[in-house]
Amino acid sequence: MNIITNFLRSKNSSCALVPFITAGYPNINISMQALKVLDKKGADLIELGIPYSDALADGPIIQEASQVALRQGIYIDQVLYILRTVVPDLSSPIIIFTYYNPILVRGVDKFIREMSQAGAKGLIIPDLPLEEVDYILELCNLYCMELILFIAPTSSESRIQLILSKSPGCIYLVSSCGVTGFRDDFDLKIQNLAAFIKSKTDKLIMLGFGINSPDQVSQIISWDIDGIVVGSAMINHMVGKFPKDILDSLGDFCQKLKFSMSKKNTIE
């Protein structure tokens, strides 16, 4: 079930804005309100991260958000509660971002079934071994979720071809080596890699890791990219603020990012 891909294709070639927040940060109530704010302020899709103590792909901002959420007892049951409570009020489909170990501990079938029943439409597992992809795909198809596979800048051509052959319809292209966080600029190699992927497949590309400003979004949107993921910069707008200020800051930043995308689309 390529729900995320079909949603992106329905945008008629405009690039989608995909903000990321950590479930339960800074607390469960604000994170639920934040999902609604992002939905109203321009998000096309929303990534919701499950807090995890060993998040190797995440930079310090997202790692700290995970630790704050975990200290409050936010884990899979609480994420399911968030989804069941908020998804009926959203127009933006939710993509769950989680590492493989929490899925294994929960039980793979149970995890995917519960997330789907709670309203999630997509699943990203950054450390999913390729050997396990077929089984996860089978369950995602069964429970009407779309698995989104990763391609890194270091991936060999043969590995890229293998990932493309297994991907249902949407690829997450990592914009740089290392963990999530802020980047001042992006290597031309990423633009070339995106072009290479597009030359090999008609599958869609979401670009993430390090994107943190409207100016960077304006730069990237000139590439042949179908979605832009903004994570650490989103959470940074939630740090050290009173609850109302968090939601205002988050909504304003989301709106600015969306405006930088719509301006380019209008010019075209």
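Residues numbered from 1 in each chain as written. Predicted model: local features only at pLDDT ≥ 70, side-chain atom pairs only at ≥ 80, totals over all residues. Heavy atoms only, no water.

- The protein chain is annotated in an unreviewed UniProt entry as Tryptophan synthase alpha chain from Gracilaria vermiculophylla.
- UniProt, in the comment section headed Subunit (unreviewed entry), describes the protein chain in these words: "Tetramer of two alpha and two beta chains."
- A UniProt comment under Function (unreviewed entry) is attached to the protein chain, and it reads "The alpha subunit is responsible for the aldol cleavage of indoleglycerol phosphate to indole and glyceraldehyde 3-phosphate." (UniProt positions renumbered as here; feature names shortened; annotations may be inferred.)

1. Details of the overall build of the protein chain
Working step 1: The helix and strand inventory of the protein chain stands at twelve helices and eight strands.
Working step 2: The contacts in the protein chain between residues at least 6 apart in sequence include a share of 74% that link residues at least 24 apart.
Working step 3: Here the protein chain displays about 11,200 Å² of accessible surface, and carbon together with sulfur accounts for 51% of that area.
Working step 4: Between the mean site of the 24 positive side-chain charges and the mean site of the 28 negative ones, the protein chain shows a separation of 4 Å. (Helix = DSSP H or I, 4+ residues; strand = E, 2+ residues; numbered from the N terminus. Contact = heavy atoms within 4.5 Å. Areas by Shrake-Rupley, 256 points an atom, 1.4 Å probe, with all protein chains shown as cover. Lys, Arg positive; Asp, Glu negative; His and termini not counted. Charge placed at Lys NZ, Arg CZ, Asp CG, Glu CD.)

2. So, the pairing of strand β5 (residues 146–151)
Working step 1: Along β5, six of the six residues are buried, which leaves the element largely enclosed by surrounding structure.
Working step 2: The side-chain alternation of β5 yields two buried faces, one formed by E146, I148 and F150 and the other by L147, L149 and I151.
Working step 3: For strand β4 (residues 122–124) and β5, the ladder comprises three bridges, and the chain directions are parallel. Bridged to G122 within β5 is E146.
Working step 4: After leaving β4, the chain enters helix α7 (residues 133–142) and then returns to the sheet as β5, a path that is right-handed.
Working step 5: Handedness of the crossover is the feature at issue here: the chain leaves β5, passes through helix α8 (residues 157–166), returns alongside strand β6 (residues 170–174), and the resulting connection is right-handed. (Buried < 20%, exposed > 50% of the residue type's maximum accessible area, 1.4 Å probe, protein only. Pairing = 2+ DSSP bridges. Right-handed = clockwise from strand over helix to strand, strands pointing away.)

3. Digging into the pairing of β6
Residues in a regular strand project their side chains so that they alternate between the two faces of the sheet.
Working step 1: The buried count for β6 comes to five of five residues, which makes it a mostly enclosed element.
Working step 2: Going residue by residue along β6, you find C170, Y172 and V174 tucked away on one face and I171 and L173 tucked away on the opposite face as well.
Working step 3: Bridge analysis of β5 against β6 gives three bridges, and the strand direction is parallel. Note on β6: the bridge partner recorded for L149 is I171.

4. Remarks on the nonpolar core
Working step 1: Ranked by size, the top nonpolar core spans 100 residues in total, and within it I96, M115 and M206 carry the most contacts.
Working step 2: At seven residues, the largest contribution of residues to this core is made by helix α12 (residues 243–267). (Core = buried A, V, L, I, M, F, W, Y, C linked by side-chain atoms within 4.5 Å.)

5. So, the packing of aromatic side chains
Working step 1: Applying the stated rule across the entire model yields six aromatic pairs.
Working step 2: A ring pair is formed by F150 and Y172, whose centres lie 4.5 Å apart and whose planes are at 5°; its orientation type is stacked. Here F150, found in strand β5, pairs with Y172, found in strand β6; they are 22 residues apart in sequence, far enough to count as distant. Both residues of the pair, F150 and Y172, count as buried.
Working step 3: Ring pairs connect the aromatic residues F20, Y52, F97 and Y99, which therefore count as one cluster. (Phe/Tyr/Trp six-rings, centres within 6.5 Å; stacked < 30°, edge-to-face > 60°.)

6. Points about the UniProt feature "active site" (unreviewed entry) in the protein chain
Working step 1: Here the UniProt-annotated "active site" (unreviewed entry) positions come out as E47 and D58.
Working step 2: Counting through the fold element by element, E47 comes out in strand β2 (residues 46–49).
Working step 3: Apart from the residues within four sequence positions on either side, E47 is in contact with V18, P19, F20, I21, I95, F97, I124, Y172 and V229.
Working step 4: With respect to the helices and strands, D58 occurs in the loop between β2 and α3 (60–71).

7. Focus: the pattern of salt bridges
Working step 1: Using the criterion set out here, one finds ten salt bridges in the structure.
Working step 2: Across the pair D109 and R113 runs a salt bridge whose closest N-O atoms are separated by 3.6 Å. In this pair, D109 and R113 both sit in helix α6 (residues 108–118), four residues apart, roughly one turn of the helix.
Working step 3: Two residues, D226 and K198, come together in a salt bridge whose shortest N-O distance is 2.6 Å. Here K198 lies in helix α9 (residues 188–200) and D226 lies in the loop between α10 (214–220) and β8 (227–230), a separation of 28 residues in the sequence. (Salt bridge = Lys/Arg side-chain N within 4 Å of Asp/Glu carboxyl O.)

8. Here's the deal with α7
Working step 1: All of the buried residues in α7 are V133, I136, L137, L139 and C140. Axial view of α7: buried residues confined to an arc of 165°, hence all on one face. Exposed and facing more than 90 degrees away from the buried side of α7 are E138 and L142.
Working step 2: Next to the buried residues of α7 lie α5 (100–106), α6, β4, β5 and α8. (Arc of directions from axis to C-beta.)

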